[in-house]
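Structure assessment
Now for the letters of each chain:
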Amino acid sequence: MLLVPMGLVTFILSLIIGHFLAEPLHMLVRKTEVVRAGGEATFSPDGRLYEADKLSRTLGLLVDKTKSQQRDLALKESRQAEFVSDVAHELRTPLTAIRGNAEMLEDPDLPPELHEKFCSIIITESERLCRLTNDLLTLHRIEGGALPLELQRVNLNHLAHNVLDALEPILRDRDANACIVGEAPDVLGSPDRLKQAITNLVENASRFIEPGGHVTVELFGLRGNSILAVKDDGPGFGDIDPKLLFDRFYRTDASRSRGTGGTGLGLAIVKSVVDAHDGTVEAINLPDGGACFIIALPSIAANPAH
């Protein structure tokens, strides 16, 4: 007689315990189905069952990671689409100029002076197209990791002098006065890539100064960083967000930049190089006029005395 009540009690207790154990798992299943359908669900432990809480935390981390990867992928696809659109727009300008002037050359009655003018335009636009293509390839290789960094100790003062020596013909042609002041601690980096970044900054500064203007490369150390600042006494970049200067194809004055041969990629390459060296780059307008581009790279300890 006692077995029946005891069995009934045991059965009821089993149902209660089973429900208590299964309910957190059922909730996790429902939340997982909501997420799989594209909805939002919060995976937070409720303290009812240790194993379910542990599984909930794991699922929450997995969902967060998946969402982060989805956002990164969407951002990457958006940037790629924007990049392709920008490249198509930039390529269209020189190609249109080349085609238009080539068609003019087909005129058999074209005066010699116009023939020379149209040929000169075609050559100029072809050269700009080559520079644009080279800059695009460089930027793609740097950002895609196709140009691995061969790191070594780099003396920024020596590197800056090499840059000015290489740019001497261009600076002389633009009547630009360039100099280097100060010293900075050595950095660990790729001499070729860092030289390219400094070259782009100095060459960019020389575009926007008046004949007889000045470009100064200033070096110093600050709070564990090696600072390289390129200053000029040109007009500066106005009241725009300095971060925009490092976007691909951004120009504060498109016609002026094109007129001086710019591709709109020089500063984007600088930022990619600096980012690859775990550094930062920023731009400011100087109080007395002109622009200043500042690169900060982690310093390394000085060579021990021999």
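Heads up: the structure comes first, above all this text.
All figures in this text were calculated on a predicted structure; none of them were measured in a lab.

Let us now look at the overall build of the protein chain. In terms of helices and strands, the protein chain carries seven helices and seven strands. Sequence-ordered secondary structure for the protein chain, helices as α and strands as β, is α-α-α-β-α-β-β-α-β-β-α-α-β-β. For the protein chain, the proportion of its 306 residues judged to be buried stands at 32%. Residue pairs in contact within the protein chain that sit at least 24 positions apart in sequence constitute 67% of those at least 6 positions apart. Carbon and sulfur atoms make up 58% of the accessible area of the protein chain, which totals about 18,900 Å².

Relative to each other, helix α5 (residues 191-207) and helix α7 (residues 266-276) sit at 145°, their axes nearing to 9 Å. In this structure, α5 meets α7 at a crossing whose hand is left-handed. On the side of α5, the interface is formed by R193, L194, Q196, A197, N200, L201 and N204, while α7 contributes G266, L267, I269, V270 and V273.

Turning our attention to the nonpolar core. One broad trend across soluble globular proteins is that nonpolar side chains are buried collectively. Counting 46 residues, the largest nonpolar core has V202, V230 and F293 as the members making the most contacts within it. Every element with two or more residues in this core is listed here: α3 (112-143), α4 (156-173), α5, β4 (214-222), β5 (225-232), α7, β6 (280-285) and β7 (291-298). Examining the composition of this core, we find that seven residues originate from one element, α4, more than from any other. Once residues within four sequence positions are removed from consideration, V230 is found in contact with L201, V202, A205, V215, T216, V217, A291, C292 and F293. Among the nonpolar cores identified, the runner-up in size contains five residues, and I227, A229, C292 and I294 belong to it.

Looking now at the environment of R36. With respect to the element layout, R36 can be found in helix α1 (residues 3-36). It is 9.8 Å that separates the C-alpha atoms of R36 and V63, two residues lying 27 residues apart in sequence.

If you trace the five strands from one edge of the open sheet to the other, you get β2-β4-β5-β7-β6, paired in mixed fashion. Each having just a single partner strand, β2 (177-182) and β6 make up the two edges of the open sheet. Strand-to-strand twist across the sheet, computed as the mean angle between neighbouring axes with direction ignored, equals 15°. In this structure, β5 lies alongside β7, joined through seven bridges in antiparallel fashion. Its bridge partner lying in β7, K231 is registered against C292. Contacts between α4 and the sheet are confined to β2, β4 and β5, with β2 contributing the most and set at about 175° to the helix. In the packing of α5 onto the sheet, the strands contacted are β4, β5 and β7, and the crossing angle to β5 comes to about 25°.

Reading the values: the criteria
- Residues numbered from 1 in each chain as written.
- Predicted model: local features only at pLDDT ≥ 70, side-chain atom pairs only at ≥ 80, totals over all residues.
- Heavy atoms only, no water.
- Helix = DSSP H or I, 4+ residues; strand = E, 2+ residues; numbered from the N terminus.
- Buried < 20%, exposed > 50% of the residue type's maximum accessible area, 1.4 Å probe, protein only.
- Contact = heavy atoms within 4.5 Å.
- Areas by Shrake-Rupley, 256 points an atom, 1.4 Å probe, with all protein chains shown as cover.
- Axes fitted to C-alpha atoms, helices over the stretch in contact; angles between N-to-C directions.
- Left-handed = near helix turned anticlockwise from the far one by under 90°.
- Core = buried A, V, L, I, M, F, W, Y, C linked by side-chain atoms within 4.5 Å.
- Pairing = 2+ DSSP bridges.

Functional significance is not addressed by these values, which are geometric in nature.
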